[in-house]
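Spelled out, the chains give:
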Amino acid sequence: MQWKIHGERPIYENDWVNLWLTDVETPDGNRWEHHVVKLRHLAVAAVMNERREVLMMWRHRFITDAWAWELPMGLVEEGETPADAAAREVLEETGWRPGPIKPLIYAEPANGITDSQHHIFRADGATYEGPPTEKNESDRIEWIPLAHVRAAHCSIGLPGPPACSATEPSW
């Protein structure tokens, strides 16, 4: 069943997050203003080397006050493709230039309240270019054996339990 949109209006906007009220009508005829969070899209890269190690960053997230291993990720800039954003984020955040970027997963993890799109890519191999240019992203950068990634406390921005607790991907 499809909801009908009668209109929408912004109530707060900035470069990071936008909050809109959308006038919706459900199939049963109820009508109200639904809050919608509009976000810029996100690109994530899982980079694996020939030793089956995954490039990860150990970082603190102040919002949840938690430390975790994360994959390089960031916002897709205006005029940039998600794949280009993923490659750029890997280089900026880790100092490694990833090999060819290939789509792995596409998700809209909370599409009942936000329009955020998460584009997750994989890359086989990387070339070290130098220290990261993003100085505030992580405490350390390491190649973690794929077999250990599942056991690590890590996050790649997917809903539910940490994605690294899933079964080992077939690269």
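Structure: above.
Residues numbered from 1 in each chain as written. Predicted model: local features only at pLDDT ≥ 70, side-chain atom pairs only at ≥ 80, totals over all residues. Heavy atoms only, no water.

Looking now at the nonpolar core. The biggest cluster of nonpolar side chains holds 13 residues, and the ones touching the most others in it are Val44, Val54, Met56, Leu71, Ile144 and Val149. Among the secondary structure elements, those contributing two or more residues to this core are β4 (42-48), β5 (53-61) and α2 (146-149). At 4 residues, the largest contribution of residues to this core is made by β4. In this structure, Ile144 is in contact with Arg52, Glu53, Val54, Met56, Trp69 and Val149, ignoring residues within four places of it in sequence. Among the nonpolar cores identified, the runner-up in size contains 12 residues, and Ala45, Leu55, Ala85 and Trp143 belong to it. (Core = buried A, V, L, I, M, F, W, Y, C linked by side-chain atoms within 4.5 Å. Buried < 20%, exposed > 50% of the residue type's maximum accessible area, 1.4 Å probe, protein only. Helix = DSSP H or I, 4+ residues; strand = E, 2+ residues; numbered from the N terminus. Contact = heavy atoms within 4.5 Å.)

Quick look at the packing of aromatic side chains now. In this structure the tally under the stated criterion is 5 aromatic pairs. Considering the side-chain rings of Trp58 and Trp69, the 5.3 Å spacing of their centres and the 55 degrees angle between planes classify their relative orientation as tilted. Of this pair, Trp58 sits in strand β5 while Trp69 sits in strand β6 (residues 66-70); the two residues are 11 residues apart in sequence, bridging distant segments of the chain. An aromatic cluster is present here, built from Trp58, Trp67 and Trp69 joined pairwise through their rings. The lysine or arginine in question, Lys38, covers the ring of Trp20, its NZ or CZ lying 4.2 Å from the ring centre. (Phe/Tyr/Trp six-rings, centres within 6.5 Å; stacked < 30°, edge-to-face > 60°. Lys NZ or Arg CZ within 6 Å of the ring centre and 35° of its normal.)

The analysis is restricted to geometry; functional conclusions fall outside its scope.
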